[in-house]
Number of protein chains: 2
Amino acid sequence: MGEEVSNKQVILRDFVTGFPKESDFHVRTSSICLKLPQSSKNGVLVNNLFLSCDPYMRILMFQAYVPFPIDSFTPGSVIYGYGVARVLESRDPNLKEGDLVWGVTGWEEYSVIEETQKLFKIEHLDVPLSYYTGILGMPGVTAYFGFYDVCCPKKGESVFVSAASGAVGQLVGQFAKLLGCYVVGSAGTQPKIELLKNKFGFDDAFNYKEEPNLDAALKRYFPKGIDIYFENVGGKMLDAVLGNMSIHGRIAVCGMISQYNLENTEGVHNLMNIVLQRIRMQGFECFDYYHRYSEFLDAVLPLIRAGKLSYVEDIADGLNAGPAALVGLFSGRNVGKQVVAVAAQSCI
Amino acid sequence: MGEEVSNKQVILRDFVTGFPKESDFHVRTSSICLKLPQSSKNGVLVNNLFLSCDPYMRILMFQAYVPFPIDSFTPGSVIYGYGVARVLESRDPNLKEGDLVWGVTGWEEYSVIEETQKLFKIEHLDVPLSYYTGILGMPGVTAYFGFYDVCCPKKGESVFVSAASGAVGQLVGQFAKLLGCYVVGSAGTQPKIELLKNKFGFDDAFNYKEEPNLDAALKRYFPKGIDIYFENVGGKMLDAVLGNMSIHGRIAVCGMISQYNLENTEGVHNLMNIVLQRIRMQGFECFDYYHRYSEFLDAVLPLIRAGKLSYVEDIADGLNAGPAALVGLFSGRNVGKQVVAVAAQSCI
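By the naming in an unreviewed UniProt entry, chain A is 2-alkenal reductase (NADP(+)-dependent)-like, taken from Cucurbita maxima.

Here's what the structure looks like:
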């Protein structure tokens, strides 16, 4: 028998309609025996260190079935998502006590993970550990393959990124600049706009909330049209972009955060431009690229080490701050990648 | 000076809003001197034999600028579109009197064509000449490359084609069957449904006008989802299809005929499925494939000769019947590819 310890957990109260609120969750303290249960075959017991707040998690709060490679949350149970954790005990021969991993884990202090084949062992520790929830984790893989593979970018092309200061957007913009593209981003506050222009080196950026006419805004920044649109928001912005794409333009559809909380999604009207401009609109998910993670690391780690790639994180301290951090994504409260440090950061 | 002859012409009265009507056009008889004007550099004088009625022509009737490789019509002037013609006089060294060509020409008996580099010389005359407005012309190129190049089809995949008995759809369905796909088509009348099943060998077909719930209809025919959608109609059908695509499904967007006559296009709501199912939605136009016309002919001519590919045409007799034939496309009056025989067919 292992030691019995308290285990703080974030619980979903019930399925969510509309915008998620902090009160849709509660934090409870249960207890856990720090020993893998006998029934676990290849599992690991982990101590969670960082948890990732990602927009896709809204999809897991729906009651209706949504086709997605991660199961929906269960009301009354602990929620889960990407995180960084330390292995305390392992029955997976590829992992041992003390190893650091990233992958899907519970929003709690300690978790038992059975699907260890989906965990990534963290090998490089000369970068902040929290980076494995962001630039070196799921959002990084999403940005890297979404941009290089899905967008098929060429030097000199014009690139538009929405939700551009977010976990994925800030990377897409920087990848595009590194390739020699003209890059404009949109975000929802002035500090984010400053960040895009001054920290991430976007050529320009605008606050979509201050633009009464998105079509006019896009025409101002892209008088010759948009070659590549990295889509994170959907709805009105997508409609405006469709009216401003260049011939043979590409739209990589990463997410549509503006639509997740609407009972009826906004209709998109400008789809005929897909024919007229011969646009390729391609949805993608990180899951299809995880087998190329080492290729990704080989490309991105040197850029981080050389200071050619920045990453801004917004780290909430402690699980108690988790629900507010998570729902804050949908009002754009976070500046940069939203992370939750499970314990106070100084303890890690 | 050449002989002065009468030249019957179809004229657009004014730009069109809403559904085009026969009365938006008039047929007038002017005269033409059967000699290339002195100003013509590399032009040809042709006698038009067959004219093609195609949905894209609706786009040329708008007053507002639409990005399209063919210029909009001019009110008061003769309209134009794809056709088959005989060369009467040529200053293009690649064409001579008596040659047959297909390409963009006027809706009139005789035309002077300056952009002769865009004409295709007809080399194979063992098939009906009218085929060069359809299966061996623009719609054929559209269907062939749209299916093989844009859809990236594999044997055994499930394919859905809308406007399936039309100029393009009937070919897409047959190409898909030849490849060993499961193919279902939609059309708007019972005779068209019979044609799809009995003439073109579709596995199944349904009348979309008799389906109160398109989503339910698609689930009936594609319980495991649609791998490939060849999109000709847009609007509600696209929305229903988006909710029924398989993972990594492909949508080739050829046109959206249901939307061309609407002042406000229908909003499409299910676009988030593009992410969830990692769908590729690709618009395309024949213009991008014309340089591969000989490859297309090499593939399709033997299939026609071997009786492995059928083509149903709906031929209107004489230019006087042209306006009704053209506007009939938008109510689905035509059964198969709508053609106008410029002279009575027996004279050709």
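Having put the structure on the table, let's press on.
### Focus: the interface of chain A and chain B
The interface is formed by 33 residues belonging to chain A together with 33 residues belonging to chain B. Contact between chain A and chain B buries roughly 2,700 Å² in total, counting both sides, with carbon and sulfur atoms accounting for 61%. Sorting the residues of chain A by area buried against chain B places A:V275, A:L276 and A:R278 first, and these three jointly supply 21% of that buried surface. Where chain A meets chain B, there are four salt bridges. Between B:D288 and A:R278 there is a salt bridge; the shortest N-O distance is 2.9 Å. Linking chain A with chain B are twelve residue pairs in polar contact (both at pLDDT 80 or more).

### Notes on the nonpolar core
Grouped burial of nonpolar side chains is what soluble globular proteins tend to show. The biggest cluster of nonpolar side chains holds 231 residues, and the ones touching the most others in it are A:L136 and B:L136. The residues contacting A:L136, other than those within four sequence positions of it, are A:W102, A:V127, A:Y131, A:Y293, A:F296, A:L297, A:V300, A:L301 and A:I304.

### With respect to the sheet that holds strand β13 (residues 280-283) of chain A
Remark on secondary structure: sheet strands pair via backbone hydrogen bonds, oriented parallel or antiparallel. With respect to topology, twelve strands assemble into an open sheet ordered β10(A)-β9(A)-β8(A)-β11(A)-β12(A)-β13(A)-β13(B)-β12(B)-β11(B)-β8(B)-β9(B)-β10(B), the strand pairing being mixed. With one partner strand each, in any of the chains shown, β10 (204-207) of chain A together with β10 (204-207) of chain B form the two edges of the open sheet. Adjacent strand axes in the sheet meet at a mean angle of 15° when their direction is disregarded. Pairing of strand β8 (residues 158-161) of chain B with strand β11 (residues 226-231) of chain B, which is carried by three bridges, proceeds in the parallel orientation. Looking across to β11(B), one finds that B:V159 is bridged to B:I228. The strands touched by helix α3 (residues 190-199) of chain A within the sheet are β9 (182-187) and β10 of chain A, with β10(A) carrying the most contacts at an inclination of about 170°. The sheet contacts of helix α2 (residues 169-179) of chain B involve β8, β9 (182-187) and β11 of chain B, and relative to β8(B) the element is tilted by about 170°.

### Remarks on the domain arrangement of chain A
Residues and elements named next belong to chain A. When cut into domains, chain A gives domain 1 (4-134 + 312-347) and domain 2 (138-287). Here the C-alpha centre of domain 2 lies 28 Å away from the C-alpha centre of domain 1. Taken together, the 25 residues of domain 1 in the interface contact 17 residues of domain 2. Taking both sides of the interface into account, the surface hidden between domain 1 and domain 2 amounts to around 1,700 Å²; carbon and sulfur atoms contribute 66%. Looking only at domain 1, the three residues that lose the most surface to domain 2 are Y82, G134 and V312, adding up to 24% of its buried area.

### A closer look at the UniProt feature "domain: Enoyl reductase (ER)" (unreviewed entry) in chain A
Those places that UniProt annotates as "domain: Enoyl reductase (ER)" (unreviewed entry) correspond, in this numbering, to residues 44-340 of chain A. Taken end to end, residues 44-340 of chain A is 25% helix and 25% strand, and its first and last C-alpha atoms sit 21 Å apart.

### Thoughts on the relation of the copies chain A and chain B
Superposing chain A onto chain B requires a rotation of 180° together with a translation of 0.0 Å along the rotation axis, leaving an RMSD of 0.0 Å. Taken together, the turn and the small shift mark the pair as related by a two-fold rotation axis. Among all residues of chain A, the minimum C-alpha distance to the rotation axis is found for A:G267, at 1.9 Å. Take the interface residues of chain A: 100% of them recur as interface residues in chain B, which is what a same-surface contact looks like.

### Brief notes about the side chain of A:D99
Summarising the element assignment, A:D99 is placed in the loop between β4 (80-90) and β5 (100-106). In this structure, A:D99 is in contact with A:A85, A:R86, A:V87, A:N94 and A:K121, ignoring residues within four places of it in sequence.

### Some thoughts on the packing of aromatic side chains
Residues and elements named next belong to chain B. With the rule as written, the count across this model stands at 54 aromatic pairs over all chains. Centroid distance F120 to Y290: 5.1 Å. Interplanar angle 70°. Geometry classified as edge-to-face. Of this pair, F120 sits in strand β7 (residues 120-121) while Y290 is found in the loop between β13 (280-283) and α7 (293-305), placing the two residues 170 residues apart along the sequence. Judged by relative accessible area, which is 15%, F120 ranks as buried. Aromatic pair Y144 and Y148: ring centres 5.0 Å apart, planes at 55°, arrangement tilted. Of this pair, Y144 and Y148 both sit in helix α1 (residues 138-150), four residues apart, which is roughly one turn of the helix. Given a relative accessible area of 13%, Y144 falls into the buried group.

### As for α2(B)
Residues and elements named next belong to chain B. Of all eleven residues that make up α2, eight are buried, and the element is covered over most of its length. Looking at α2, one finds that the buried residues are G169, Q170, L171, V172, G173, Q174, F175 and A176. Contacts from the buried residues of α2 go to α1, β8, β9, β11, α7 and β15 (337-341). Phi turns positive one or two residues past the end of α2, at G180, with a value near 95°.

Conventions we followed
- Within any chain, residue numbers begin from 1 and follow the written order of that chain's sequence.
- Key to labels: chains lettered from A, ligands numbered from 1, both in the order written.
- Given that the model is predicted, a residue must reach a pLDDT of at least 70 before its local features are reported, and side-chain atom pairs must reach 80 or more before they are shown or counted; all residues, however, enter totals for whole chains, interfaces and linings.
- Side-chain numbers here rest on the full set of heavy atoms in the structure, without hydrogens or water.
- In what follows, residue pairs with any heavy atoms lying within 4.5 Å of each other are defined as contacts.
- Using a 1.4 Å probe, buried area is obtained as the accessible area two parts lose upon being combined, added over both of them.
- Counted as salt bridges are all cases of a side-chain nitrogen of Lys or Arg within 4 Å of a carboxyl oxygen of Asp or Glu.
- Here a polar contact is taken to be a pair of N or O atoms separated by no more than 3.5 Å, where protein atoms must pair a possible hydrogen donor with a possible acceptor and residues adjacent in sequence count only if both atoms sit in side chains.
- Residues enter a nonpolar core if they are buried and are Ala, Val, Leu, Ile, Met, Phe, Trp, Tyr or Cys, with the set joined through side-chain atoms within 4.5 Å.
- Each residue is placed in one exposure class: buried if its accessible area under a 1.4 Å probe, protein chains only, is under 20% of its type's maximum, exposed if it is over 50%, and partly exposed if it falls in between.
- Pairing between strands is defined by DSSP: at least two bridges between the two strands are required.
- A run of DSSP states H or I qualifies as a helix once it reaches four residues; a run of E qualifies as a strand once it reaches two. Both are numbered from the N-terminal end.
- Each axis is a line fitted through C-alpha atoms, and for a helix only the stretch in contact is used; angles between axes span 0 to 180 degrees, taken between their N-to-C directions.
- Note: domain ranges come from an automatic or database domain assignment.
- UniProt positions are given in the numbering used here, feature names are shortened, and annotations may be inferred rather than shown by experiment.
- For this overlay, a least-squares fit was computed on C-alpha atoms, restricted to residues scoring pLDDT of at least 70 in both copies.
- A pair of aromatic rings is counted whenever rings of Phe, Tyr or Trp (Trp by its six-membered ring) have centres within 6.5 Å, and the orientation is called stacked for planes under 30 degrees apart, edge-to-face for over 60 and tilted otherwise.

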